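Next come the chains, spelled out residue by residue.
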Amino acid sequence: MTAPAWFTAAIATPHRTAEVAVAGATIRYLDAGPADAPVLVFVHGGTAHAHWWWPLAARLADRYRLLLPNLSGHGTSDHRADYSFDGWAEEVTAVLRAAAPGRPAIVIGHSIGGLAGMALAAEHPDLVTALIACDTQLAVNPDAPATRPSGSPKPVQSFASVAEARSRFRTIPAQTECAGYVLDHIVPESLRPEADRWVWSFDRGILARFDQTVARLAWPWLRRLQCPLGYLRSEFGLTPPPIAARLEDEVSGPVIVEEVPGAGHHAMLDRPEELFAALDTVLGKLPGPNAPRSDGSGRSRSATAQGEY
């Protein structure tokens, strides 16, 4: 499938790569947009990296400052001996403080990136003006017993070429429908050379974090939120509508829920345009200082209104 014009233009948006040291690890991130604009921090999901969000984030580079970290164990950032959501939240905190000191941000997180954002917003409410979670799993019964993954880990995959890796790309959880032009962008960014072959860049040690315990982590953090919450629920994602509806009862502040039609858990792979539309809608509905900057006519600037679709 040929990439649509908006996608090609978005990934060509100018940006720089920077880094910050956090607890002995180098955390690298993408930085784009006007220095004085409201700040958006995009946090990727597990086994992913900053470039999963980049095509959509870049469409907002005319009206927001964009920061896209690679969490430790992911992308070009260093690996650690162990990982935690609190630790990932501190990495995002360090990126925000290094790149935009004194500037609070709207934090947008996909899947476990949403959990890292929840931990950040709960622990550092002064740094987060709004939180938007994208299909972050919410437990049906937060008090149910948790289980750990069983069985031996699979052997590390290696590939003779980027093309071979592209042909064998799989998501966690499995998702069969992915736009080819999106994979053409993210797969090369997902690999690192090893000897004369290629391997996935993420640390396999992070997979131990993806058990039934993960879905139970959200509620305690959500109940501590002092900022507005947006939730982008994929139609065929991990959180059923009744569980998403519970957010209004569990969260004390404003809650905005938008559905991404036709999307699986990894909405940026199978329904990127629908995901962007839902995200843009939530950004436009956020109250107070979270609202997008005006274009000078008294109207808030909207990518949809500018004809980017």
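Small disclaimer: the values here were computed from a predicted structure and weren't measured. (Residues numbered from 1 in each chain as written. Predicted model: local features only at pLDDT ≥ 70, side-chain atom pairs only at ≥ 80, totals over all residues. Heavy atoms only, no water.)

A. Quick look at the sheet that holds strand β1 (residues 16-22). The strand order β1-β2-β4-β3-β5-β6-β9-β10 describes an open sheet built from 8 strands, whose pairing is mixed. The two strands at the open ends of the sheet, each matched to only one other strand, are β1 and β10 (255-264). Taking the axes of each pair of neighbouring strands and ignoring which way they run, one obtains an average angle of 20° across the sheet. In the packing of helix α11 (residues 272-285) onto the sheet, the strands contacted are β3 (39-43), β5 (105-110), β6 (128-134), β9 (229-236) and β10, and the crossing angle to β10 comes to about 175°. (Pairing = 2+ DSSP bridges. Helix = DSSP H or I, 4+ residues; strand = E, 2+ residues; numbered from the N terminus. Axes fitted to C-alpha atoms, helices over the stretch in contact; angles between N-to-C directions. Contact = heavy atoms within 4.5 Å.)

B. Looking closely at α11. When the terminal C-alpha atoms of α11 are compared, their 20 Å separation across 14 residues agrees well with the 20 Å that a helix rising 1.5 Å per residue should span. Regarding α11, the residues found buried are Pro272, Leu275, Phe276, Ala278, Leu279, Asp280, Val282 and Leu283. (Expected span 1.5 Å × (residues − 1). Buried < 20%, exposed > 50% of the residue type's maximum accessible area, 1.4 Å probe, protein only.)

C. Geometry of the packing of aromatic side chains. Under the definition given, this model contains 8 aromatic pairs. Note on tryptophan 6 and phenylalanine 7: the rings are 5.6 Å apart at their centroids and 75° apart in plane angle, and the pair reads as edge-to-face. A relative accessible area of 2% places phenylalanine 7 in the buried class. Here phenylalanine 42 and tryptophan 53 contribute two aromatic rings whose centre-to-centre distance is 5.2 Å and whose plane-to-plane angle is 55°, an arrangement assigned as tilted. Of this pair, phenylalanine 42 sits in strand β3 while tryptophan 53 is found in the loop between β3 and α2 (54-57), placing the two residues 11 residues apart along the sequence. Taken together, the ring pairs in this structure connect Trp52, Phe159, Phe169 and Trp200 into an aromatic cluster. When the ring centre of phenylalanine 276 is taken as reference, the NZ or CZ atom of arginine 59 above it lies at 4.2 Å. Over the aromatic face of tryptophan 219 sits the side chain of arginine 246, whose NZ or CZ is 4.4 Å from the ring centroid. (Phe/Tyr/Trp six-rings, centres within 6.5 Å; stacked < 30°, edge-to-face > 60°. Lys NZ or Arg CZ within 6 Å of the ring centre and 35° of its normal.)

D. Looking closely at the pattern of salt bridges. Using the criterion set out here, one finds 15 salt bridges in the structure. Residues arginine 28 and aspartate 78 are paired through a salt bridge, measuring 3.7 Å at the closest nitrogen-oxygen approach. Taken together, the residues span a long stretch of sequence, with arginine 28 in strand β2 (residues 25-32) and aspartate 78 in the loop between β4 (65-69) and α3 (85-99) at a distance of 50 residues. Among the residues examined, arginine 28 registers a relative accessible area of 23% and is labelled partly exposed. Residue aspartate 78 is classed as partly exposed on the basis of its relative accessible area of 27%. (Salt bridge = Lys/Arg side-chain N within 4 Å of Asp/Glu carboxyl O.)

E. Fine view of helix α6 (residues 180-189). Among the 10 residues of α6, 7 are classified as buried, and the element is accordingly described as predominantly covered. Within α6, burial applies to Gly180, Tyr181, Val182, Leu183, His185, Ile186 and Val187.

F. Representation of the packing of α3 against helix α4 (residues 112-123) in the model. Axis separation between α3 and α4 bottoms out at 8 Å; the angle between their running directions is 75°. Classified by the interaxial angle, the pair formed by α3 and α4 is roughly perpendicular. Touching Phe85, Asp86, Trp88, Ala89, Val92 and Thr93 of α3 are Ile112, Leu115, Ala116, Ala119 and Leu120, all from α4. (Parallel < 35°, antiparallel > 145°, perpendicular 65-115°, else oblique.)

G. Geometry of the nonpolar core. By size, the foremost hydrophobic cluster in this structure holds 104 residues, and its most contacted members are Phe42, Leu66 and Leu222. When near neighbours in sequence (up to four residues on either side) are disregarded, phenylalanine 42 contacts Trp53, Ala57, Leu60, Leu66, Leu67, Leu68, Pro69, Ile108 and Leu279. (Core = buried A, V, L, I, M, F, W, Y, C linked by side-chain atoms within 4.5 Å.)

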